[in-house]
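# Coordinate inspection notes
The chain contents come next:
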Amino acid sequence: MRYLFPLALTLLLSLTCFGQQAPPGIIPIPKVLTVDSGSFAIGRETSIIVGQKVLEQEGAFLQAALQPLLGSAPSIIHEDRTTGAADPRAVPGSILLLLKTGTALTPEAYELGIGRDHIILTAATPAGIFHGIQTIIQLLPNISSVGSGAPEVLLPCLSIADEPRFAWRGMHLDVCRHFFPVDFVKKYIDLLARYKMNRFHWHLTDDQGWRIEIKKYPKLTEVGGWRSGSQYGPYSQRTYDSTRYGGFYTQEQIREVVAYAKARHVTIVPEIEMPGHAMAALAAYPELGCTGGPYEVEKGWGVFDDVFCPKEATITFLQVVLTEVMDLFPSDYIHIGGDECPKTRWKSCANCQGLMKKEKLKDTDALQSYFIRRMDAFVTGKGRKIIGWDEILEGGLAPNAAVMSWRGIEGGTTAAQQKHDVVMSPGSHCYLDHYQGDPAHEPLAIGGFTTVQKTYSYEPVPEGLTPEEAKHILGAQGNVWTEYILSPEHVEYMAVPRMLALAEVGWSPKEKRDEGSFIRRLEEEFAALDALKVNYSKSLYNVEFKTSGSKKRGQVNVELTSAPGLGEMRFTTDGSEPLHTSPKFDYTIEQRGSTTIKAAIFGGAQKLGNTTSLKLDFDKSTGCALTVEPRPDERYDDGGIFTLVNGVSAGEKRVNHEWLGWRHSRVTITVDLGSDQALQHAGIGSLTERTSWIHPPKNVTISTSSDGQNFTEAATILMEPSAQGRMEFGTDLGGKSARYVRFTANALPSIPEGFAGEGNLPWLFLDEVHIR
Ligand code: TNX
C-alpha cells in the first residue's frame, strides 16, 4: 500500500501508545487496514475540504452523517487542488477529499488516512471517494452512545487501502409479487451504498404485476399493474384473498430513483421479463399471447403457460418498451428475464410453428433462443448489453448476452467457458427469500434454507474455470423475491444481515474473509442498523442441527452448530427448555431413540436467540445404511442421502435439508436393516407442489429381500391425483420377515397437461423412510 503518513511519525505514534486497539468493525472488510494509535476529533469547526468541485456531492453525505451527531453540520469548502500531486497537502483539523489522477488506483478504490490532526481520503473517481466516505460513516460512533449534539466525535487513527474484488456487487428486489413504495426503494439503495454494493436489480415486471409506466402502452400499468387478489398462506394450501392489489412507478418516480441511486454510485439494472412471466402484460395486451386471451393478472405464485408469443408484433412491442426503459435507465446492462418460460403454447401455436419453419428453428428452445437473439441485437444496437437468467443458454446463447446464474452454478460456468460475462446468484447461497433459520421461528417463506453463515461462505468463482474464464465472473448478487414478503420491514428482515455477508463476498479479497471476524463486526453493526431503523433478522442467534449417520446401526449423530463467537450452545433431551445451566454442547450427541433435542445460545446467563428443537422419531429404518440411485440433484441434496433415514420428517414447509429432490424418471432407495426382522409397515414421504413442478411419483413399488439380491414386491402404491403437500406412500407388510426394503419411485413421464411446466420432466421430492 501507499504510505499515507511518514514512517517516522507512525513509529513515534506507536511507541507513545500502549496496547493495540481492536480493528474497527467495517463491513465489507477493507483490503488493507492498519490501525494506529490515537484518534482524530471531528468537531463543529472541522471542515470538509473538497479538492474538486465534483466531490461536493460526496462530501454532502459525510456532512449529513455528522449533522445529527454534532448538532450542526461541518462546512464543505472547495479548494482547488492540482490533481496527480504525489502527496496531498493536508490541512490540520480538516477532512480532505481528493481525486488523484494518474495513479494506479482502480475505479472504485480509495485510500483513507486518519491521522491525529487531519483526514485524507483519495481516489481516482468520485465512486472511490464515495466508498471511502461510507467507511468513515461506519467508523462514526453510534448516536445512541454519544447522544446528539456532542461537542466532538472521535475516529480511530488508521490507514486503509481498499478496492473491490468484483465489479458487480448486486442486490435484487422483486416489486411485482408485492409492491414497495419509492421511499422504501430509496432506503434499500441506502443499504446497498452503505455496504459498497453497486448494482440494484429492479425486477419490474412479472405475472402478478407490471410496475413501470410505459408511455406508449398505458394499459401495461392501468390493467397490468393490478390484480384481483393474492395468494396467501403456505403454498400447498393454495388460498387466495380477493383484495385488489397493485401499484406502479411513474416515469417521473423512476427518474427520481435513478438519480438517487446514481448519487450513491449504485447503477439500477431494470428487468423487463420476457418471454415468460408475462401474464400482467398479456392481460393488458392479449394480442401478444399465442391464444389471444383473455388473460388475467395472476393472483398466485408459480410458472404459467401463457407467455409472450414470439411473433413480429410482440418483438416490436417489446422493443418500444425497451426503448423507453433505456431512456430511463442509463445502466450498461438491461435485464430481459428469460427464465421459466414454458413452451406449451408455442408448441400448438400456428404463428410459432410458422416462424420456426421460416427461421429453420429445430425446436421451441431454438425459438426462445431466436427471440432472445432478436432482443440482444436490438439492445446491442442501442449501445447497451442484455443480461438474462441462465435459461437463455438453452437453444444457444445470444452473441452479446451476459448470464445471471440462478439454478446453481452450471449456467454461470458454461457461460464463462463460452466467454460470456456472468453474474453469480445461485439459489443455494444468494436467494434471500429462503428461510434463514428454523422455520418454527421464522415468518412463512417460500422454502429453502440459507443461513447468513452459508451466504458468507459463498465463493463466486466456480471451481474448474481457467483464470481467463474466471475473468468473466463479474460478481455476485442477492435476490429478494417477494411472494411471501408483504411489507418493507419484512424485506429488511430477509435481506439483512445476509446482504452484508454478500457485500463482503463481493468486495473483500478472498483471503481476508473470515467467518468469526465477520460475525464480530456484524454484531457491532447491529447497533448501527438499530439507529437506521432497519428491521434486521437475529436468526443468527439460533442453533442449527445437523444429523449424520454413524458406523453404529440405529444411531443418529446430531451436531449443534452456530456462528462462531456468539456464546455457549446449551441443550436438553427431555423436552424441557434449555437454561444457562443445561449441558453445554461440545461433542456429537449420539442418539439412539426418539426424542426432542432443544437448544439455545447463551451469553452467560442470558439466552440470546430462540430455542430451536429437533424432533427425532425412531423406527426400524432410522440410522440404517442405505443406497440411493441416482443421487439427488445438487440443489436439493443439502443433508445427503442419510436425510432419508435420519428420523426427521420434513414439515409443511419446503426446507431444503429435509427434502431431497430429483429430476429423474426413477429413484431407487434400498434400506439395509442389518438383519432379518418382522416388518409391519413400510412407507416413504413425498411432496406435491404442482406449480413448482413438484409432482408425486406416479407410483412407488415397495419390495423386500433377505439377501439384498432377490426382491419380492410387497405392493405398488399409486399416486393420489388429489395429493397436496406431504403424503406418504406406504403399505402394510403383515409381519413379513426381511432385512432389505426397497422403494422404487417412478416419476410421471412428464408433467401432465394443464399444469405448470406441462411436458417437462417433473421434480420428485422425498423426505423420510418409515419402516416399522
Ligand atoms: C424462481 S429466480 C424465479 C422467480 C421466483 C423465485 C422464487 C428466477 C429467475 N425465477 O420467479 O420468484 O424462483 O424463489
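What you see is a predicted model; the values in this text were computed from it and never measured.

### Some remarks on the pairing of strand β21 (residues 473-478)
Of all 6 residues in β21, 6 are buried, a share of seventy percent or more. For strand β8 (residues 168-174) and β21, the ladder comprises 4 bridges, and the chain directions are parallel. Bridge pairing in β21 places W168 opposite G475.

### Considerations on the confidence of the model for the protein chain
Mean pLDDT over the protein chain stands at 93; residues scoring 70 or higher make up 95%. Counting contacts from residues 1-20, a segment whose pLDDT is below 50, to residues more than four positions away or on other chains yields 27 contacts.

### With respect to the site of the ligand
With respect to spatial proximity, the complete set of residues near the ligand consists of R177, H277, D339, E340, W389, W406, Y431, D433, I446, W481 and E483. Across the complex, the protein chains shield 92% of the 360 Å² of accessible surface that the ligand would expose by itself. Residues belonging to the shell around the ligand are distributed by class as follows: 5 nonpolar, 1 polar and 5 charged.

### Re the sheet that holds strand β3 (residues 76-78)
Pairing in this open sheet of 7 strands is mixed, and the strands run β1-β7-β5-β6-β4-β2-β3 from one edge to the other. Whereas interior strands pair on both sides, the edge strands pair on one side only; in this sheet they are β1 (32-43) and β3. Within the sheet, the average angular offset between the axes of one strand and its neighbour, ignoring direction, is 25°. Of the strands in this sheet, β1, β2 (47-50), β3, β4 (94-99) and β7 (152-162) touch helix α2 (residues 56-70), which is tilted by about 155° from β3.

### Side note on the sheet that holds β21
Around the barrel, which closes on itself, the 8 strands sit in the order β8-β9-β16-β17-β18-β19-β20-β21 with parallel pairing between neighbours. Neighbour-to-neighbour, the strand axes of the sheet open up by a mean angle of 30°, direction not taken into account. For strand β18 (residues 385-389) and strand β19 (residues 402-405), the ladder comprises 3 bridges, and the chain directions are parallel. Looking at β19, one finds that W389 is bridged to M404. The sheet contacts of helix α12 (residues 364-381) involve β16 (267-274), β17 (333-337) and β18, and relative to β18 the element is tilted by about 150°.

### Considering the packing of α2 against helix α3 (residues 126-139)
Packed helix pairs are specified by the crossing angle of their axes together with the interaxial distance, meaning the distance between the axes. Interhelical geometry of α2 versus α3 gives an angle of 10° and a closest axis separation of 9 Å. Classified by the angle between their axes, α2 and α3 sit roughly parallel to one another. Across the interface between the two elements, E58, G59, F61, L62 and A65 from α2 touch P126, I129, F130, I133, I136 and I137 from α3. Of the residues that constitute the contact of α2 with α3, the class distribution is 9 nonpolar, 1 polar and 1 charged.

### Some remarks on the nonpolar core
Inside soluble globular proteins, nonpolar side chains tend to come together where they are buried. Ranked by internal contacts, the top residues of the largest apolar core, which has 169 residues, are W202, M499, I669 and F743. Apart from residues no more than four positions distant in its own chain, F743 is found in contact with V667, T668, I669, V671, A682, G683, I684, V700, T701, I702, V769 and I771. Counting 35 residues, the second largest nonpolar core, distinct from the first, contains I48, V50, L139 and L158.

### Notes on the pattern of salt bridges
Scanning the entire structure with this criterion turns up 33 salt bridges. For the salt bridge of E544 with K546, the shortest nitrogen-to-oxygen distance reads 3.4 Å. One salt-bridge network, in which partners are shared between bridges, spans D174, R177, D206 and E483.

### Section: the packing of helix α9 (residues 312-328) against α12
At their nearest, the axes of α9 and α12 sit 11 Å apart, and the two run at 40° to each other. Where α9 crosses over α12, the handedness of that crossing is right-handed. Between α9 and α12, the contacting residues are E312, I315, L318, Q319, L322, T323 and M326 on the first element and Y370, F371, R374, M375, F378 and V379 on the second. For the contact of α9 with α12, the class distribution of residues is 9 nonpolar, 2 polar and 2 charged.

### Regarding the environment of V491
One can find V491 in helix α17 (residues 488-495). Note on V491: relative accessible area 0%, which makes it buried.

### Remarks on unusual backbone geometry
Residue P275 is bonded to the preceding M274 through a cis peptide linkage, with omega at -10°. Within the secondary structure, P275 sits in the loop between β16 and α8 (279-284). Cis geometry marks the peptide bond from G293 to P294; its omega dihedral reads 0°. Following the sequence through the fold, P294 ends up in the loop between α8 and α9. For K196, which is not a glycine, the phi torsion comes out positive at approximately 60°. Position of K196 among the secondary structure elements: in the loop between α5 (182-194) and β9 (199-203). Of note in the backbone geometry, E340 takes a positive phi value of approximately 45° without being a glycine. Within the fold, E340 resides in the loop between β17 and α10 (344-347).

Conventions used here
Residues numbered from 1 in each chain as written. Predicted model: local features only at pLDDT ≥ 70, side-chain atom pairs only at ≥ 80, totals over all residues. Heavy atoms only, no water. Buried < 20%, exposed > 50% of the residue type's maximum accessible area, 1.4 Å probe, protein only. Helix = DSSP H or I, 4+ residues; strand = E, 2+ residues; numbered from the N terminus. Pairing = 2+ DSSP bridges. pLDDT = per-residue confidence, 0-100. Contact = heavy atoms within 4.5 Å. Near = heavy atom within 4 Å. Areas by Shrake-Rupley, 256 points an atom, 1.4 Å probe, with all protein chains shown as cover. Nonpolar A, V, L, I, M, F, W, Y, C, P; charged D, E, K, R; others polar. Axes fitted to C-alpha atoms, helices over the stretch in contact; angles between N-to-C directions. Parallel < 35°, antiparallel > 145°, perpendicular 65-115°, else oblique. Core = buried A, V, L, I, M, F, W, Y, C linked by side-chain atoms within 4.5 Å. Salt bridge = Lys/Arg side-chain N within 4 Å of Asp/Glu carboxyl O. Left-handed = near helix turned anticlockwise from the far one by under 90°.

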